[in-house]
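Single-letter residue listing:
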Amino acid sequence: MSSSDRQLTLNLFIYPGGHHEAAWRYKESEPKRVLDISYYQELARRAEAAKFDAIFFADGPSLPENVRYSSRLRFEPITWLAAIAAATSRIGLIATASTTYTEPYNLARLFASLDHISHGRAGWNIVTTSDAGAAQNFGLPEHPPHADRYETAREFLEVVTKLWDSWEDDALVADAQSGVFADSDKVHRIDHAGKHYKVRGPLNVARTPQGRPVYVQAGSSEDGRSFAAQHAEAIFTAHQTLASAQGFYADIKKRAAALGRRPEHIRVLPGISPYLGSTQAEADRLEEEINALIQPAASLEQLKRMIGLDLSGFDLDGPFPRHLVDTNGPKGVASRFQLVIDIVDREKPTIRQLIKRLAGGRGHWVLVGTPERVANEIQTWFEQGAADGFNVMPPWLTGGFDAFVDEVLPILRKRGLVREDYTGETLRDHYGLPRLESGYALARRRSA
């Protein structure tokens, strides 16, 4: 595909109630439906009708402390996406699962099952988990250090890939005449024995429609970038400025090329949370109306997790005490720490101004304006080497997403930046990614 033929990759990033931390309090939200699967099925069908590439569901294996003030309930994501798969037919289905708090065999089974159930629409958002509170839910005395989690993740991914490859494409025969159900010569034990895992295999699920679910990654630290350049096929990332996004984009593509990968086979997808109005003033009023619902105690707790500094006793309208920040940041959230500090250094906000900035998207790009302005900004980032597309993060649901689909998407489509219809069946098709051959089949063919 030539650069002039490129089209935006668009995912709907679903967060219960919406991405603003006070979204559940907004008059048009439906907070009592956050455990109603039909609510999410309706959103997914709406995204599919708009020809979005995928829906994305974030997850974490612990309950955040600020559940008193914020909507933090979560369905288990594979169960959730299986229900979404039954209500849709084309849109991709991406879920988060942790390499720190999951076993490789179980995860490989779950995502292989989802890929079969959805006829090839599954994607795995690979995370190492930044929330230290998860450790006590799994019998661990403490959360593993950042570097250790990435070391484990690399071996975890190696094991999962081997398991997904353990059935060659034509291993499942199901020939009633001969009585052969599977060609056992094409079903492989993986016999993995590494530093962290010992797994025999093979998987008890045949090779999936995509060969392997799409590998997605969401870390932007040095370890995260290295991991993404080597393995990821789509990268979810957070940036506040065009220059920052361009730098990340160029770095990832360069690293991937140096590893022998094709850079166009990695989709870099920043998050964007749009507040829309028929005029700029109207959009500004909408953002302020939702910001007015912030409960500072919740916002300060979120800020503390990001930068490791408790500001609960400070004047919210006073300057941010930059001198008190530990330059190393808290354990586990290196990329988000740097993003927040960059905002502080660039804009010199008060504490209240900072928590409002972060409340809208936890550090992702909050864009406030008319549909035309939002479309222009999206096009600029797309055409100037900052993004291959975006994770659309509605401030509240469902109205925040409806407004984007009804008002911004037609502008992008008119400019030829968004597809008119699906041209493939699988998530790999939507992302323009190849279907990968089993490593065992490849080795067999090479030795023939």
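This report concerns the structure included in the present document.

Parameters at a glance
Residues numbered from 1 in each chain as written. Predicted model: local features only at pLDDT ≥ 70, side-chain atom pairs only at ≥ 80, totals over all residues. Heavy atoms only, no water. Helix = DSSP H or I, 4+ residues; strand = E, 2+ residues; numbered from the N terminus. Buried < 20%, exposed > 50% of the residue type's maximum accessible area, 1.4 Å probe, protein only. Contact = heavy atoms within 4.5 Å. Salt bridge = Lys/Arg side-chain N within 4 Å of Asp/Glu carboxyl O. Phe/Tyr/Trp six-rings, centres within 6.5 Å; stacked < 30°, edge-to-face > 60°. Lys NZ or Arg CZ within 6 Å of the ring centre and 35° of its normal. Expected span 1.5 Å × (residues − 1). Pairing = 2+ DSSP bridges. Right-handed = clockwise from strand over helix to strand, strands pointing away. Core = buried A, V, L, I, M, F, W, Y, C linked by side-chain atoms within 4.5 Å. Patch = residues over 30% accessible without salt bridge, like charges linked within 9 Å, V, L, I, M, F, W, Y side chains within 5 Å. Areas by Shrake-Rupley, 256 points an atom, 1.4 Å probe, with all protein chains shown as cover. Polar contact = N/O pair within 3.5 Å; in protein donor to acceptor, adjacent residues only side chain to side chain.

**Some words on the environment of Gln240**
Next up, step 1: Mapped onto the elements of the fold, Gln240 is located in the loop between β10 (234-237) and α6 (242-258).
Next up, step 2: For Gln240, a relative accessible area of 13% corresponds to the buried category.
Next up, step 3: For Gln240 and Trp365, which are 125 residues apart along the polypeptide, the C-alpha to C-alpha distance reads 5.1 Å.
Next up, step 4: Look past the residues within four positions of Gln240 in its chain and what remains in contact with it is Leu339, Ile343, Arg346, Arg357, Gly363, His364 and Trp365.

**Describing the pattern of salt bridges**
Next up, step 1: For the structure on display, the rule yields 31 salt bridges.
Next up, step 2: Among the salt bridges present, the one from Arg445 reaches Glu437, with a minimum N-O distance of 2.7 Å.
Next up, step 3: It is possible to trace a salt-bridge network through shared partners that takes in Asp165, Asp169, Arg207, Arg212 and Arg435.

**Description of the packing of aromatic side chains**
Next up, step 1: A full pass over the atoms with the stated rule returns 22 aromatic pairs.
Next up, step 2: Clustering of aromatic rings is evident, with ring pairs tying together Phe111, Trp124, Phe156, Trp164, Tyr197 and Tyr215.
Next up, step 3: Residue placement shows Arg74 over the ring face of Tyr15; its charged tip is 4.5 Å from the ring centre.

**A closer look at helix α1 (residues 37-49)**
Every α-helix carries 3.6 residues per turn, so stepping three or four residues along brings you back to the same face.
Next up, step 1: Taking 1.5 Å of rise per residue, 13 residues should cover 18 Å, and α1 covers 18 Å from first to last C-alpha, within 8% of that figure.
Next up, step 2: Three or more residues of α1 are buried, namely Tyr39, Tyr40, Gln41, Leu43, Ala44, Ala47 and Glu48.
Next up, step 3: Where α1 is buried, its residues touch β1 (9-14), β2 (54-57), α2 (77-87) and α12 (399-414).

**Some details on the pairing of strand β11 (residues 267-276)**
Next up, step 1: Counting buried positions along β11 gives ten out of ten residues, so the element sits mostly inside the fold.
Next up, step 2: Of the two faces of β11, the one holding Arg267, Leu269, Gly271, Ser273 and Tyr275 and the one holding Val268, Pro270, Ile272, Pro274 and Leu276 are both buried throughout.
Next up, step 3: In the sheet, β10 pairs with β11 via four bridges, with the strands oriented parallel. By the bridge assignment, Ala234 is partnered in β11 with Arg267.
Next up, step 4: You can see the chain leave β10, run along α6 and come back into β11, and the turn it takes is right-handed.
Next up, step 5: Summarising the sheet, β11 and strand β12 (residues 365-369) pair through five bridges and their orientation is parallel. Within β12, the position partnered with Tyr275 by the bridge is Val368.

**Some points on unusual backbone geometry**
What you tend to see is this: most non-glycine residues have negative phi, and most peptide bonds are trans.
Next up, step 1: Going from Gly201 to Pro202, the amide bond is cis rather than trans, its omega being -5 degrees.
Next up, step 2: Structurally, the position occupied by Pro202 is in the loop between β8 (198-199) and β9 (214-217).
Next up, step 3: Note that the residue after Leu397, namely Thr398, is joined by a cis bond; omega there is 10 degrees.
Next up, step 4: In this structure, Thr398 sits in the loop between β13 (389-392) and α12.
Next up, step 5: In the Ramachandran plot, His119 falls in the positive-phi region, its phi being about 60 degrees despite a non-glycine side chain.
Next up, step 6: For His119, the location among the structural elements is in the loop between α3 (104-117) and β4 (122-127).
Next up, step 7: Since its relative accessible area comes to 61%, His119 is described here as exposed.
Next up, step 8: Even without glycine at this site, Ala174 takes up a positive phi of about 50 degrees.
Next up, step 9: On the secondary structure map, Ala174 appears in strand β5 (residues 172-175).

**So, the nonpolar core**
Next up, step 1: In terms of nonpolar packing, the biggest core is built from 72 residues, with Leu8, Phe52, Ile55, Trp124, Trp164, Ile378 and Phe390 touching the most fellow members.
Next up, step 2: With residues up to four places along the chain from it excluded, the contact list for Trp164 reads Leu107, Ala108, Phe111, Ala112, Trp124, Leu203, Arg207, Gly211, Arg212, Pro213 and Tyr215.
Next up, step 3: One finds Leu300, Met306, Phe320 and Val325 within the second-largest nonpolar core, a separate group that totals 20 residues.

**Concerning a nonpolar patch on the surface**
Next up, step 1: The grouping of Leu35, Leu63, Val67 and Leu73 at the surface amounts to a nonpolar patch, some 350 Å² of accessible area in total.
Next up, step 2: With respect to the helices and strands, Leu35 occurs in the loop between β1 and α1.

**A word on the side chain of Asp165**
Next up, step 1: As for its placement among the helices and strands, Asp165 is situated in helix α4 (residues 146-165).
Next up, step 2: Among the residues examined, Asp165 registers a relative accessible area of 5% and is labelled buried.
Next up, step 3: A distance of 2.9 Å separates the side chain of Asp165 from the side chain of Arg207, its partner in a polar contact.
Next up, step 4: Looking at Asp165, its side chain comes within polar contact range of the main-chain nitrogen of Gly439, at 2.9 Å.
Next up, step 5: Each residue touching Asp165, except ones within four places of it in the same chain, is listed here: Arg207, Arg212, Glu437, Ser438, Gly439 and Tyr440.

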